[in-house]
Amino acid sequence: MRKISSFIMACAMCLSMTVVGTVAPQVAVQAEETAGLLNRYLAELEPGTRRMFVRRYFAMDSVESLARDFGLSRNAVSARLSRARRGLRNYLEKEGIYV
């Protein structure tokens, strides 16, 4: 699942560069489209899983801190994140994006 994590990080980096105007216009458009897809996918997730996903892959929180904050075991957090990544991959593939 490292590919999905890398994809998410690349999206976040591209979006941040777009804000400061350091990427080519077509890359900025692709980043906006991808961000829209990511936001639509995240909106479909159960709220707790969405918060966990955002904290892990955008705020870079550790699995241990998520487990503590959500009152779950590390295995439960890892399983939720794995299902969310798999769901994201499937969602993106349906939209024609293969990662």
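Residues numbered from 1 in each chain as written. Predicted model: local features only at pLDDT ≥ 70, side-chain atom pairs only at ≥ 80, totals over all residues. Heavy atoms only, no water.

Q: So what exactly am I meant to see when it comes to the packing of aromatic side chains here?
A: Aromatic ring pairs are reported here in terms of the distance separating the ring centres and the angle at which the planes meet. Enumeration according to the criterion identifies 2 aromatic pairs in this entry. With 5.7 Å between their ring centres and 45 degrees between their planes, Tyr41 and Tyr91 make a pair best called tilted. Taken together, the residues Tyr41 in helix H2 (residues 25-44) and Tyr91 in helix H5 (residues 74-94) connect sequence positions 50 residues apart. Under the relative-accessibility criterion, Tyr41 is labelled buried at 6%. (Phe/Tyr/Trp six-rings, centres within 6.5 Å; stacked < 30°, edge-to-face > 60°. Helix = DSSP H or I, 4+ residues; strand = E, 2+ residues; numbered from the N terminus. Buried < 20%, exposed > 50% of the residue type's maximum accessible area, 1.4 Å probe, protein only.)

Q: Help me out: how do you make sense of unusual backbone geometry in this one?
A: Most peptide bonds take the trans configuration, and most residues that are not glycine carry a negative phi. Here Met60, not a glycine, exhibits a phi torsion of approximately 60 degrees, which is positive. The topology assignment puts Met60 in the loop between helix H3 (47-57) and helix H4 (63-70).

Q: Got a minute to help me understand the pattern of salt bridges in this structure?
A: Side-chain pairs of opposite charge can arise where the charged atoms are in close proximity. One pass over the full model with this rule turns up 4 salt bridges. Put simply, Asp61 and Arg55 hold a salt bridge, and the shortest N to O gap is 2.6 Å. Looking at Arg55, the relative accessible area reads 24%, which means it is partly exposed. Note that Arg68 and Asp69 form a salt bridge whose closest N and O atoms lie 3.7 Å from each other. Judged by relative accessible area, Arg68 falls into the exposed class, the value being 62%. With a relative accessible area of 44%, Asp69 lands in the partly exposed category. Residues joined in a network through salt bridges with shared partners are Arg55, Asp61, Arg68 and Asp69. (Salt bridge = Lys/Arg side-chain N within 4 Å of Asp/Glu carboxyl O.)

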